[in-house]
Amino acid sequence: MLIRQDTSKPTRDAVFEIASAAKIHLDKARSIKDKIPPHVLPLCLPSIPVQCYLERLRRADFNLFHPQLKLQDGFLPSKLWWNRLRKTY
């Protein structure tokens, strides 16, 4: 289905399920932030692009082939810097 760029409802529903599971894992990881040693927290920075992608995927109605998902996030370096500065992940 993915090779043919299938954008049918069942495919989007499957993508929704996977994205929802990823969001749950991301929220769980963030909920235990206080238990992580401060010097290890920068290792959590990759959660920022994941969060951004999941949000873009949601706005694209979970269509993996939406043109917006192919664009790079020009603000990603700024988001990473800002979150690193604030120690939020």
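Residues numbered from 1 in each chain as written. Predicted model: local features only at pLDDT ≥ 70, side-chain atom pairs only at ≥ 80, totals over all residues. Heavy atoms only, no water.

Under an unreviewed UniProt entry, the chain has the name NADH dehydrogenase (Ubiquinone) complex I, assembly factor 6 homolog and belongs to Diaphorina citri.

Visitor: I would appreciate a short explanation of the packing of helix H1 (residues 9-31) against helix H2 (residues 47-59) in the present structure.
Guide: For any two helices packed against each other, the geometry is given by the interaxial angle and the distance between the axes. Running from N to C, H1 and H2 cross one another at 145°; their axes reach a closest spacing of 11 Å. H1 and H2 meet at a crossing whose hand is left-handed. Residues Val15, Ala19, Ala22, Lys23, Leu26 and Arg30 of H1 form the contact with H2, whose participating residues are Ser47, Ile48, Val50, Gln51, Leu54 and Leu57. Looking at the contact of H1 with H2 residue by residue, the classes come out as 8 nonpolar, 2 polar and 2 charged. (Axes fitted to C-alpha atoms, helices over the stretch in contact; angles between N-to-C directions. Helix = DSSP H or I, 4+ residues; strand = E, 2+ residues; numbered from the N terminus. Left-handed = near helix turned anticlockwise from the far one by under 90°. Contact = heavy atoms within 4.5 Å. Nonpolar A, V, L, I, M, F, W, Y, C, P; charged D, E, K, R; others polar.)

Visitor: Is there a simple way to think about the packing of H2 against helix H3 (residues 76-86) in this case?
Guide: At their nearest, the axes of H2 and H3 sit 10 Å apart, and the two run at 130° to each other. Between H2 and H3, the crossing angle belongs to the class labelled oblique. Read as a crossing pair, H2 and H3 show a hand that is right-handed. Of the residues in H3, those touching H2 at Ile48, Pro49 and Cys52 are Leu76, Lys79, Leu80 and Asn83. A per-class count over the contact of H2 with H3 returns 5 nonpolar, 1 polar and 1 charged. (Parallel < 35°, antiparallel > 145°, perpendicular 65-115°, else oblique.)

Visitor: Would you take a moment to explain the packing of aromatic side chains for this structure?
Guide: The way to describe two aromatic rings as a pair is by their centre distance and the angle between their planes. Evaluation of the coordinates by the stated rule reveals 2 aromatic pairs. Ring geometry for Trp81 against Trp82: centres 6.3 Å apart, planes inclined by 45°, an arrangement best described as tilted. (Phe/Tyr/Trp six-rings, centres within 6.5 Å; stacked < 30°, edge-to-face > 60°.)

Visitor: Help me understand the environment of Val50 in this model?
Guide: Considering the arrangement of structural elements, one finds Val50 in helix H2. A relative accessible area of 39% places Val50 in the partly exposed class. In the structure, Val50 is positioned 24 residues away from Leu26 in sequence and 8.5 Å away in space, judged by C-alpha atoms. (Buried < 20%, exposed > 50% of the residue type's maximum accessible area, 1.4 Å probe, protein only.)

Visitor: Please explain the nonpolar core as it appears in this structure.
Guide: In summary, soluble globular proteins display a tendency toward joint burial of nonpolar side chains. The biggest cluster of nonpolar side chains holds 8 residues, and these are Val15, Ala19, Leu26, Leu54, Leu57, Ala60, Phe62 and Leu69. For this core, the secondary-structure elements that each account for two or more residues are H1 and H2. Per element, the largest residue contribution to this core is 3 residues, and it comes from H1. (Core = buried A, V, L, I, M, F, W, Y, C linked by side-chain atoms within 4.5 Å.)

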